[in-house]
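Summary of structural features
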Amino acid sequence: MEQIASVKLHGGTHQVWRHKSDLLDCDMEFALFVPQGDGPFRPLYFLSGLTCTWENAATKAGAQQAAAAANMVLVFPDTSPRGDAVANDENYALGQGAGFYMTATQEPWASHYKMDRYITEELPALVASLLPLAEGKAGITGHSMGGHGALTLAMTYPHLFGSVSAFAPIVAPTQVPWGRDIFTAYLGPDETQWQTYDACHLVATRGWADDILIDVGSDDPFYAEQLRPELFADAAKAASVPVTLRYQEGYDHSYYFVTSFIDDHIAWHAARL
């Protein structure tokens, strides 16, 4: 691995690392916020949304100050494989910047697009090689497409994640345009294969051992057509999984919304980890 940035921040450091991903077969970058001290530290993964890299959340979410107070490492992965040899598309919701935290089975995507495995297999090993981490599970959160990733990865890999929250997540991708278009491209037309990456289906079939926090802005332009958080709340209630779903009056889909409530989410994860 190559460290390409290190900047002091809230007593700790903001770090950026580049490495060759054997799993994704391309070069990848990720960012870390490491609090001051010798550790051990608890890790919280922040998964970003469509068109983003690690940089969006690391520079706009404002999570570092609360993480420093909680002695928590923040891990900011990229949202997709990258590079000239990696398939891409003019559609901003497909291809580079839009990995949807899944393993694609259809070409030309299958060769590189394995972001769920990257987040749960390769990246944790890299972070553990750099830092002294506390024993136990990590936390995971995310925004929009990243909220979809946080929910689905937490429920699919409960042995890795002990807390989960989300900002404006895509909770029912098999039922909304973003998900249906992209799932067809990545996974093919067999909709039974899509359920593996649908948070509503996962909470109904796998459940979750703890509670879940979700924030959504009431003025989010994607709320009615693409997000549909009430579908997840209903499915979770039927599965006896407690969900705190907060509709934040007047907030939109932007990082202005995320940074307004990120301290609540950091405290949520700190209490549960």
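Residue numbers here run from 1 along each chain, matching the order of that chain's written sequence. In keeping with the model being predicted, local features are shown solely for residues with a pLDDT of at least 70 and side-chain atom pairs are shown and tallied solely at 80 or more, while totals for entire chains, interfaces and linings include all residues. Neither water nor hydrogens contribute to the side-chain values; these are computed over all heavy atoms in the structure.

1. Observations regarding the nonpolar core
Rules: Take the buried Ala, Val, Leu, Ile, Met, Phe, Trp, Tyr and Cys residues and link them wherever side-chain atoms come within 4.5 Å; each set so joined is a nonpolar core. The classification of residues rests on relative accessible area computed with a 1.4 Å probe and restricted to protein chains. Under 20% of the type maximum is buried, over 50% is exposed, and intermediate values are partly exposed. We count a stretch as a helix when DSSP gives it H or I for four or more residues in a row; a strand needs E for two or more, and each element gets its number in order from the N terminus. Contacts were defined at the residue level, with two residues in contact if any of their heavy atoms lie within 4.5 Å.
Judged by nonpolar contacts, the single largest core of 92 residues is most densely connected at Leu 151, Tyr 186 and Phe 232. Among the elements that line this core, the one with the most residues is strand E3 (residues 26-34), at seven residues. Contacts of Phe 232, omitting those with residues within four sequence positions, involve Leu 151, Met 155, Val 171, Ala 199, Cys 200, Val 203, Ile 212, Ile 214 and Val 243.

2. Quick look at the environment of Ile 4
Examined against the element boundaries, Ile 4 turns out to sit in strand E1 (residues 2-9). Classification of Ile 4 by relative accessible area gives partly exposed; the value is 33%. Once the C-alpha coordinates of Ile 4 and Arg 18 are considered, the two residues, 14 residues apart in sequence, prove to be 6.8 Å apart. For Ile 4, the contacting residues outside a window of four places in its chain are Val 16, Trp 17, Arg 18 and Glu 29.

3. Quick look at the pairing of strand E4 (residues 42-47)
What counts, and what does not: Strands are treated as partners if at least two bridges between them are detected by DSSP.
Burial runs high along E4: five of the six residues are buried. Across four bridges, the pairing between E4 and strand E5 (residues 72-77) is parallel. Bridged to Leu 44 within E5 is Leu 74. Both E4 and strand E6 (residues 138-142) contribute to a ladder of four bridges, which runs parallel. Within E6, the residue paired with Leu 44 across the bridge is Gly 139.

4. Concerning helix H5 (residues 177-187)
What counts is decided by this rule: This arc describes the spread of directions from the helix axis toward the C-beta atoms.
Turning to H5, its buried residues are Trp 178, Gly 179, Ile 182, Phe 183, Tyr 186 and Leu 187. For H5, the buried positions fall inside an angular range of 105 degrees around the axis, keeping them on one side. On its buried face, H5 sits against helix H4 (145-156) and helix H7 (223-227).

5. Here we look at the packing of aromatic side chains
Selection rule: Centre distance within 6.5 Å is the pairing criterion for rings of Phe, Tyr and Trp, where only the six-membered ring of Trp is used; planes under 30 degrees apart are then read as stacked, over 60 as edge-to-face, and the remainder as tilted.
This model, assessed by the stated rule, comprises 14 aromatic pairs. Each ring, one from Phe 46 and one from Phe 76, has its centre 6.2 Å from the other, and the planes form 45 degrees; the classification is tilted. Placement of Phe 46 in strand E4 and of Phe 76 in strand E5 is noted, with a sequence separation of 30 residues between them. No difference in accessibility class separates Phe 46 from Phe 76, as the two residues are buried. A centroid spacing of 5.5 Å and a plane angle of 80 degrees characterise the contact between Trp 109 and Tyr 186, whose relative ring orientation is edge-to-face. Of the two residues, Trp 109 is situated in the loop between E5 and helix H3 (115-130) and Tyr 186 in helix H5; the sequence distance between them amounts to 77 residues. The exposure class assigned to Trp 109 is buried, which follows from its relative accessible area of 6%. On the basis of relative accessibility, which here comes to 0%, the residue Tyr 186 falls in the buried class.

6. Re the sheet that holds strand E8 (residues 212-217)
Within a sheet, adjacent strands bond to each other through the backbone by hydrogen bonds, running parallel or antiparallel. We apply this condition: A fitted line through C-alpha atoms serves as each axis, taken over the contacting stretch for helices, and the angle formed by two N-to-C directions is quoted from 0 to 180°.
Spatially, nine strands are ordered E1-E2-E3-E5-E4-E6-E7-E8-E9 in an open sheet, and the strand pairing comes out mixed. The sheet is open, and its two edges are formed by E1 and strand E9 (243-248), each paired on a single side. Pairs of neighbouring strands in the sheet enclose a mean axial angle of 20 degrees, with direction left out of account. Sheet topology note: the E6/strand E7 (residues 161-167) ladder contains three bridges and is parallel. Along E7, the bridge assignment pairs Ile 140 with Val 164. The sheet strands contacting H3 are strand E2 (12-21), E3, E4, E5 and E7, and the helix crosses E3 at an angle near 55 degrees.

7. Comments concerning the side chain of Asp 220
Quick note on the threshold: By the counting scheme adopted, Arg and Lys are positive, Glu and Asp are negative, and His together with the chain ends is not counted. By convention in these notes, a salt bridge is any Lys or Arg side-chain nitrogen within 4 Å of a carboxyl oxygen on Asp or Glu.
Residue position: Asp 220 is located in the loop between E8 and H7. We note that Asp 220 is buried and unpaired, the nearest opposite charge coming from Arg 228 at a distance of 12 Å. Beyond its immediate chain neighbours, meaning those up to four positions away, Asp 220 contacts Ala 168, Leu 227, Tyr 251, Asp 252 and His 253.

8. Topic: the pattern of salt bridges
Within this structure, the stated rule accounts for 10 salt bridges. When the shortest N-O distance is used, the salt bridge between Glu 29 and Arg 18 registers 3.1 Å. Here Glu 29, found in strand E3, pairs with Arg 18, found in strand E2; they are 11 residues apart in sequence, far enough to count as distant. Judged by relative accessible area, which is 24%, Glu 29 ranks as partly exposed. Three or more residues are tied together by salt bridges with common partners; here these are Glu 2, Arg 18 and Glu 29.

9. Re unusual backbone geometry
In this structure, the amide linkage connecting Gly 39 to the following residue, Pro 40, adopts the cis form with an omega of 5 degrees. Counting through the fold element by element, Pro 40 comes out in the loop between E3 and E4. The linkage connecting Glu 107 with the following residue, Pro 108, adopts the cis geometry, with an omega of 10 degrees. Tracing the sequence through the fold places Pro 108 in the loop between E5 and H3. For His 10, which is not glycine, the phi dihedral falls at a positive 50 degrees. Along the chain, the position of His 10 falls in the loop between E1 and E2. With relative accessibility at 40%, the residue His 10 sits in the partly exposed group. Phi at Thr 51 is positive, roughly 75 degrees, even though this residue is not glycine.

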